[in-house]
Amino acid sequence: MAHTLVIVESPTKARTIRGFLPKDFRVEASMGHVRDLPNNASEIPAAHKGEKWANLGVNTANNFEPLYVVPKDKKKVVKELKDALKGADRLLLATDEDREGESISWHLLQLLQPKVPVKRMVFHEITKEAIGRALEQTRELDMELVHAQETRRILDRLVGYTLSPLLWKKVAWGLSAGRVQSVAVRLLVQRERARRAFRSGSYWDLKAQLQQAGASFDAKLVQLKGERIAGGSDFDESTGALKAGSTVRLLSEAEARSLREAVLASPWRVAAVEEKPSVRKPVAPFTTSTLQQEANRKLRLSARETMRTAQGLYERGFITYMRTDSVHLSDQAINAARSCVQAKYGQPYLSPSPRQFSTKARNAQEAHEAIRPAGESFRDPSATGLDGRDLALYELIWKRTVASQMADAKLTMLSVDLEVDGGSLGHAQFRSSGKRIDFPGFFRAYVEGSDDPDAALEGQEVLLPALKAGDKPSCAEVEALGHQTQPPARYSEAALVKMLEKEGIGRPSTYASIIGTIVDRGYATLLNNALTPSFTAFAVTALLEEHFPDLVDTGFTARMENSLDEISTGKEQWLPYLEAFFKGDNGLENQVAQREGDIDPGASRTVELEGLPCVVRIGRFGAYLETKRVADDGSEELLKATLPQEITPADLDADRAELILKQKADGPESLGEDPETGELVYLLFGQYGPYVQRGQVSDDNPKPKRASLPKGAKPEELSLEDALGLLRLPRHLGEHPDGGKIEAGLGRFGPYVVHHKGKGEKDYRSLKADDDVLMVGLSRAVELLAQPKRGRGGRTALKDLGTPEGGDEAIQVFDGPYGQYVKQGKVNASLPEGVTADTITLEQAVELLAAKAASGKGKGRKPAAAGARKPAATKAPKAAAKKAPATTKSGRLRASAVRIIRAADS
């Protein structure tokens, strides 16, 4: 029986759409891209293996013709799509409506070569009404969008594959460069340089607590003898002194304390009272960028987590398409939002007329509407059945969209100036500021977050008592406060996304992958929501700044982005643009060839940091310190000491560097003796961080007992008792109420408790931040083990299938952005169509995981008999050496192709 074949990207999207289509429609998923440039040498077709350009995947000598291949893991998908097409009388390509989706549709068309009519079906939400409209308004493939995406893909490959090998030779093996990635890394490095160069300034001021008619309020010193009192913004960040030409008054500690005594004993008088009305208008609905920023501030989600969660909400029909630059709302959305306001908050909170917002982005083209709840009426968050981060993100989107159609908030800004005699220091003026909310308006639904966690939200009131000029409030207390200026804050993910968007770098839809790549490749660490660049980031950025300044210049990169946008609208031709970028005297190809010989590897591997008694170099196995010292025989020798991976340029100062070098030169200092063995216990610093060791390495004892310090533990505060406790892990805590012993230990994923159920079956739970692996007791362990087991990223398992015979780790079912999947250890396998968490068996799961592992994507772990999660002692520096990578050209390409392709994609 003939049918209409509809192809989308993911099984989840397919399941949702299928419910809105007629019975004679068949929906299949392409599982993302079905064709791409080769990832490694093994994917290059035999007919092209001898070509010089084949490893690049782009024939730069023949109009930049790309070499597209079907990856091994997509061959089965392509065959299934071809089989599904055989009985079809029409093909609808229903991939996402942005450039990426247009490109996927074009690749499908090229591969499937359909003999039946083909149309493009686009929609920005998955609802019955939207799918119905999309069926009636099909169109042809937009080749300008395809060319724009293809040019972007080729451009990223040219940059990544041309610069990355240069970094291997000049800095360290396995590094990557990317058109947008390298600019983002430079922003992090520039901020860290500013922090290291920062010099703190100190200043004093006064804060008074006053009372009027029984009500208390605070006031701050602002002037003394008519001169403004210095604040943090008045100091030069590079010297710590007041800025040149500043006319402010800098109070010393002695003056501040003297002034405190004087104003405490003097009468206070209100000099002036000002009330200024103010109006706050709601912000625009979410775009991709603003959603990532706000989810990071309010929900502490990374950009990657935000996009993964939003993808799932879109594919299940809860929100509109989540990759968009537009803040526009359709009439349908405006009506739905206004209905929500009317029903939930009442007529007074509804804006007098519908609000529409205009996009400030230079070329908002990804989609035609903001991110909002899907449908002609918005589901209240409490009625969605969602939970966890799905619910939190949906509620954020719902509130922001609804608030956009609410009335303005009306406020009164309050300011009170007070006068008091400061004795010998002269007349002092204090100021008290407040804010009264006269009508909350959209504040009832939504208040935008802030990058500064200490900043007050707009919805908070600061009320002052009724005051008028001439009033004489009493002074209850005055504090003399000392302050230190603070260095510029590191970028959070939200702040970096905001900066990239402001500078016009990259596309908002790529920000999540860019930040993920930076962290995954060791260019930065993410701790407490701050991105801190590594020594490698400093070295790579310095090399690119000196030899390829355009490629890390924000203005140059923004102009490239603008050109790619103009290609998508037909204003610029893609081939001449690529020719100009890559070829010619000033092209990237020639630049690299000319400058490669001028780049000194020794200098490129050296990170220059002021104030250190040594230099930092990048080695094959990470960063290390190097200095010259005089040996016992009077000769000069080089002293090298490995830097622990956890130490960043932000952490390294002269004292810490000297401590690490001293330990390397003199050997480790003993913490004391283990009374059970008589061996000395040492605190050591290795590549993977600080660890304790019992005894020294010798022929008789080649592998002494070692244990890592728990995350957050301070080496300088470690006692012998703590060290012995770590070395004796795992600890036996007692018996579980259901039988089997419980232990506490420290493994590669951190501290944990484990329940030995018998027959090799073990149940693990990670300890929480406030749990101490050396102190946790049996009752707390039982409590933790009773909690639902969570996967990586915080997902709760839908179902625990148990541990297969001969295995040490359980198999669980999770719900991910591309549908449900089974997981054991590090191996994931998607559930086939029609199989769910409720129906899958342990035997089926074992087969799926075995097939996935056999495909080469199992992370080297056998699925049915995966090794137990063992407490892993941190390796000593000598043991950290790895096998040197292949040195042949083909070996280098094979070893690093996957790394480079992902970097180039950024």
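Predicted, not measured: the structure shown is a model, and the values here were computed from it.

Moving on: the overall build of the chain. When helices and strands are tallied, the chain shows 23 helices and 31 strands. Buried positions account for 50% of the 906 residues belonging to the chain. In the chain, the proportion of contacts linking residues at least 24 apart, taken out of those at least 6 apart, comes to 68%. By element, 48% of the accessible surface of the chain is carried by carbon and sulfur atoms, the whole surface being about 42,900 Å².

Reading across the sheet, the four strands line up as S2-S1-S5-S6 and stay open at both edges, with parallel pairing between neighbours. Both edges of this open sheet fall to strand S2 (25-29) and strand S6 (118-120), since each of them pairs with a single strand only. Put simply, the sheet's adjacent strands are angled 25 degrees from each other on average, direction ignored. With five bridges connecting them, strand S1 (residues 3-8) and strand S5 (residues 88-93) associate as parallel partners. Bridging across to S5, His 3 finds its partner in Ala 88.

Averaged over all residues, the pLDDT of the chain equals 86, while 90% of them reach at least 70. A low-confidence stretch, residues 362-366 (pLDDT under 50), is modelled with 23 contacts involving residues beyond four sequence positions or located in other chains. For residues 857-906, every residue scores under 50 in pLDDT, and the model assigns this stretch 123 contacts once sequence neighbours within four places are set aside.

With six of seven residues buried, strand S25 (residues 741-747) is to be regarded as a mostly interior element. Strand direction decides the pairing type here: strand S24 (residues 731-735) and S25, joined by four bridges, are antiparallel. Within S25, the residue paired with Glu 735 across the bridge is Lys 741. In this structure, the hairpin formed by S24 and S25 is closed by a connection of five residues, where Gly 739 is found at a positive phi of approximately 100 degrees. As judged from the six bridges shared by S25 and strand S26 (residues 750-758), these two strands associate in the antiparallel manner. Bridge pairing in S26 links Leu 746 to Pro 751. The turn joining S25 and S26, which pair antiparallel and follow one another in sequence, is formed by two residues.

It is worth spelling out the nonpolar core at this point. Among the nonpolar cores identified, the biggest contains 136 residues, and Leu 163, Ile 319, Phe 535 and Val 616 are the most heavily contacted of them. With sequence-adjacent residues up to four places away left out, Val 616 is seen in contact with Phe 535, Arg 605, Thr 606, Val 607, Leu 609, Ala 623, Tyr 624, Leu 625, Leu 643 and Leu 652. Counting 26 residues, the second largest nonpolar core, distinct from the first, contains Ala 208, Ala 256, Leu 425 and Ala 428.

What follows covers the packing of aromatic side chains. Counted according to the given criterion, the structure contains 12 aromatic pairs. For the pair Tyr 314 and Tyr 321, a centre-to-centre distance of 5.2 Å together with 65 degrees between the ring planes defines the contact as edge-to-face. Take Tyr 314: its relative accessible area is 0%, and that puts it in the buried class. Owing to a relative accessible area of 1%, Tyr 321 belongs among the buried residues under this scheme. Here the aromatic rings of Phe 442 and Phe 443 are separated by 4.9 Å at their centres, their planes lie at 65 degrees, and the arrangement is edge-to-face. Overall, the relative accessible area of 6% leaves Phe 442 in the buried class. Phe 443 sits in the buried class, given a relative accessible area of 12%. Aromatic ring contacts, followed pair by pair, group Tyr 345, Tyr 349 and Phe 439 into a single cluster. Just above the ring of Tyr 161 sits the side chain of Arg 157; from NZ or CZ to the centre is 4.1 Å. Sitting above the plane of the Tyr 349 ring, Arg 444 keeps its charged end 5.0 Å from the centroid.

Right, let's get into helix H17 (residues 588-595). Restricting attention to buried positions, one finds in H17 the residues Leu 588, Gln 591 and Val 592. Viewed along the axis of H17, the buried residues span an arc of 95 degrees, placing them on a single side of the element. Among the exposed residues of H17, those oriented more than 90 degrees off its buried face are Ala 593 and Gln 594. Buried positions along H17 lie against helix H5 (143-170) and helix H16 (574-582).

We now examine the sheet that holds strand S22 (residues 689-694). If you walk across this open sheet you meet the four strands as S20-S21-S22-S23, and the pairing is antiparallel. Both outer strands of the open sheet, strand S20 (670-673) and strand S23 (706-708), are each paired with one neighbouring strand and no more. Strand-to-strand, the axes of this sheet are offset by a mean angle of 25 degrees, without reference to chain direction. Strands S20, strand S21 (680-686), S22 and S23 of the sheet are contacted by helix H20 (residues 720-727), whose axis makes an angle of about 85 degrees with S22.

In this section: the pattern of salt bridges. Evaluation of the coordinates by the stated rule reveals 54 salt bridges. In this structure, Asp 83 and Lys 86 form a salt bridge, with 3.3 Å as the shortest nitrogen-oxygen distance. In this pair, Asp 83 and Lys 86 both sit in helix H2 (residues 72-86), three residues apart, roughly one turn of the helix. Residue class for Asp 83 comes out partly exposed when judged on its relative accessible area of 34%.

Below, the discussion takes up the side chain of Glu 315. Note on placement: Glu 315 falls in helix H9 (residues 303-315). Although Glu 315 is buried, it forms no salt bridge, and the closest oppositely charged side chain is Lys 13 at an N-O distance of 6.3 Å. Within polar-contact distance, the side chain of Glu 315 engages the side chain of Ser 10 at 2.9 Å.

This part is about helix H14 (residues 535-547). With 13 residues, H14 ought to run about 18 Å at 1.5 Å a step, and its terminal C-alpha atoms sit 19 Å apart, in line with that. Of all 13 residues in H14, 10 are buried, a share of seventy percent or more. Turning to H14, its buried residues are Phe 535, Thr 536, Ala 537, Phe 538, Ala 539, Val 540, Thr 541, Leu 543, Leu 544 and His 547.

Next up on the list: the packing of H5 against helix H15 (residues 554-568). Running from N to C, H5 and H15 cross one another at 150 degrees; their axes reach a closest spacing of 7 Å. Relative to H15, H5 is oriented roughly antiparallel. Across from Glu 144, Leu 145, His 147, Ala 148, Thr 151, Arg 152 and Leu 155 in H5, the residues of H15 making contact are Met 560, Glu 561, Leu 564, Asp 565, Ile 567 and Ser 568. Residue classes in the contact of H5 with H15 are distributed as six nonpolar, three polar and four charged.

To continue, consider the side chain of Asp 408. Mapped onto the elements of the fold, Asp 408 is located in the loop between helix H11 (388-403) and strand S11 (409-421). At a separation of 3.1 Å, a polar atom in the side chain of Asp 408 contacts the side chain of Lys 281. A distance of 2.5 Å separates the side chain of Asp 408 from the side chain of Arg 355, its partner in a polar contact. In this view, Asp 408 contacts Val 279, Arg 280, Lys 281, Pro 282, Arg 355, Phe 439, Gly 441 and Phe 442; residues no more than four positions away in its chain are not counted.

Turning to unusual backbone geometry, a few remarks are in order. That bond from Leu 729 to Pro 730 is cis: its omega, 0 degrees, falls within 30 degrees of zero. Following the sequence through the fold, Pro 730 ends up in the loop between H20 and S24. A positive phi is found at Met 31, a non-glycine position, where the angle reads about 60 degrees. Considering the arrangement of structural elements, one finds Met 31 in the loop between S2 and strand S3 (58-59). With relative accessibility at 33%, the residue Met 31 sits in the partly exposed group. Phi angles above zero are rare outside glycine, and Lys 225 is one such case at about 55 degrees. Of the residues examined, Lys 225 reaches a relative accessible area of 57% and is grouped as exposed.

Cut-offs used in this document
Residues numbered from 1 in each chain as written. Predicted model: local features only at pLDDT ≥ 70, side-chain atom pairs only at ≥ 80, totals over all residues. Heavy atoms only, no water. Helix = DSSP H or I, 4+ residues; strand = E, 2+ residues; numbered from the N terminus. Buried < 20%, exposed > 50% of the residue type's maximum accessible area, 1.4 Å probe, protein only. Contact = heavy atoms within 4.5 Å. Areas by Shrake-Rupley, 256 points an atom, 1.4 Å probe, with all protein chains shown as cover. Pairing = 2+ DSSP bridges. Axes fitted to C-alpha atoms, helices over the stretch in contact; angles between N-to-C directions. pLDDT = per-residue confidence, 0-100. Core = buried A, V, L, I, M, F, W, Y, C linked by side-chain atoms within 4.5 Å. Phe/Tyr/Trp six-rings, centres within 6.5 Å; stacked < 30°, edge-to-face > 60°. Lys NZ or Arg CZ within 6 Å of the ring centre and 35° of its normal. Arc of directions from axis to C-beta. Salt bridge = Lys/Arg side-chain N within 4 Å of Asp/Glu carboxyl O. Lys, Arg positive; Asp, Glu negative; His and termini not counted. Polar contact = N/O pair within 3.5 Å; in protein donor to acceptor, adjacent residues only side chain to side chain. Expected span 1.5 Å × (residues − 1). Parallel < 35°, antiparallel > 145°, perpendicular 65-115°, else oblique. Nonpolar A, V, L, I, M, F, W, Y, C, P; charged D, E, K, R; others polar.

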